[in-house]
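Overview (structure and organization)
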Amino acid sequence: MPSKNRIYQHPVLRNGSTDYADGSTLESNFIVAISGDHSKDTVVVSYVLQVRNRHLLGLVENGRAAFFLSFYSSETLFKKLIKVEDMKGELQLPSGAVLGSLEIEPFIIAVTQINQYCPEGLNAEYGNLKFEIDPGATLAVGEREIFPISFARRSFQDLIRVQTSTELDKNEYEISLASNIITINMGTNVRQAWELMSSDANYRSFLFISIYKDTFVEALSALVSGDDVEEFAWARKLTETFEKVGLNISDEADFAKLNRAVLRLLGKKGIEQVIANVN
């Protein structure tokens, strides 16, 4: 993914750089909204781009360069660089891809080889230098903007991410609660089993009597024991979920009670669904 902090071997239009001396800019305006109309808790980004440099704009109009938007959410590790055909439009990011914050950064990137590159407005220090630009090279970088993202309707499952760990035994998994999203680190066999169960409706219920059950118990235990996790997104959602079904978290003080509370909460998606699938 492009970076405006790197050192380029050719002039790049960007804030804080002296490569251009004529006031050329790449400007952007973003509006970030959450939509639940067609898919649950989807982030929709409306954008308007403007480049104040005739040479760069001409490269885009001739198809030799293009506008791109870079998206990054640190909580979910979501990264995406998306080419946009128009200078004004709307993009919908994948459901569940963003949580906590969304960073957006506009770019102009070469999509073909550009020979003898010498755009107007360059600093006089470049003299008569001309540059060979390879496809994929950054030509302009706009200002990065960061938007806070909060999902009132997000389900507890959406606040869980899984990742494979080669440090764990292939049949082990461990749960990390130290951020807004709960991370389940899985050995290779566990990850394979999780992929199978989560993708097949006939097996999905087994997640709720195994991995998800363990995750709920550990998360609930951290809440009850006062491990300073109350402000995390998963903690707020878990508390809300238990309150909706009439369970008081403060009453569940030991493992046996925690385990029973979670089993009651997950019963319809776990044990009852297993029985329904058989029948």
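Above this text sits the structure in question.
Residues numbered from 1 in each chain as written. Predicted model: local features only at pLDDT ≥ 70, side-chain atom pairs only at ≥ 80, totals over all residues. Heavy atoms only, no water.

Notes on the pattern of salt bridges
- All told, the structure shown has 5 salt bridges when counted by the stated rule.
- Measuring nitrogen to oxygen at the nearest pair gives 2.9 Å for the salt bridge that ties Glu195 to Arg191. Within this pair, Glu195 and its partner Arg191 are both found in helix 2 (residues 188-199), separated by 4 residues, close to a single helical turn.
- Judged by its relative accessible area of 36%, Glu195 falls in the partly exposed class.
- Taking the shortest distance from any N to any O, the salt bridge between Asp214 and Lys213 comes out at 3.6 Å.
- On the basis of relative accessible area, Asp214 is assigned to the partly exposed category, the value being 28%. (Salt bridge = Lys/Arg side-chain N within 4 Å of Asp/Glu carboxyl O. Helix = DSSP H or I, 4+ residues; strand = E, 2+ residues; numbered from the N terminus. Buried < 20%, exposed > 50% of the residue type's maximum accessible area, 1.4 Å probe, protein only.)

Overview of unusual backbone geometry
- Its identity is not glycine, yet Leu77 carries a phi of approximately 65°, on the positive side.
- The residue Leu77 is located in the loop between strand 3 (65-73) and strand 4 (78-84) in this model.
- Of note in the backbone geometry, Gln116 takes a positive phi value of approximately 55° without being a glycine.

A closer look at the sheet that holds strand 2 (residues 42-51)
- Ordered by their spatial adjacency, 3 strands build an open sheet running 1-2-5, and the pairing between neighbours is antiparallel. Sheet topology places strand 1 (26-35) and strand 5 (88-92) at the edges, where each strand pairs with a single neighbour. Mean inter-strand twist for the sheet, computed between neighbouring axes without regard to direction, equals 20°.
- Pairing analysis gives 5 bridges linking strand 2 to strand 5, with the strands arranged antiparallel. Each residue of the ladder has a partner; that of Tyr47, found in strand 5, is Gly89. (Pairing = 2+ DSSP bridges. Axes fitted to C-alpha atoms, helices over the stretch in contact; angles between N-to-C directions.)

Examining the packing of helix 4 (residues 211-224) against helix 5 (residues 233-244)
- At a closest axis distance of 11 Å, the pairing of helix 4 and helix 5 adopts a crossing angle of 100°. Classified by the interaxial angle, the pair formed by helix 4 and helix 5 is roughly perpendicular. Contacts between helix 4 and helix 5 involve Phe216, Ala219, Leu220, Ala222 and Leu223 from the former and Trp234, Ala235, Leu238, Thr239 and Phe242 from the latter.
- Across the contact of helix 4 with helix 5, the residue classes tally to 9 nonpolar, 1 polar and no charged. (Parallel < 35°, antiparallel > 145°, perpendicular 65-115°, else oblique. Contact = heavy atoms within 4.5 Å. Nonpolar A, V, L, I, M, F, W, Y, C, P; charged D, E, K, R; others polar.)

With respect to the packing of aromatic side chains
- As enumerated under the stated definition, the model contains 2 aromatic pairs in all.
- Judged by centre distance (5.8 Å) and plane angle (80°), the ring pair of Tyr126 and Phe131 falls under edge-to-face. For the pair Tyr126 and Phe131, a shared accessibility class is recorded, and that class is buried. (Phe/Tyr/Trp six-rings, centres within 6.5 Å; stacked < 30°, edge-to-face > 60°.)

A few points about the pairing of strand 13 (residues 182-186)
- Where burial is concerned, most of strand 13 is hidden: 5 out of the 5 residues are buried.
- Both faces of strand 13 are covered, namely the face carrying Ile182, Ile184 and Met186 and the face carrying Thr183 and Asn185.
- Taken together, the 4 bridges between strand 12 (residues 173-176) and strand 13 define a ladder with antiparallel strand orientation. Counterpart to Tyr173 in the pairing with strand 13 is Met186.

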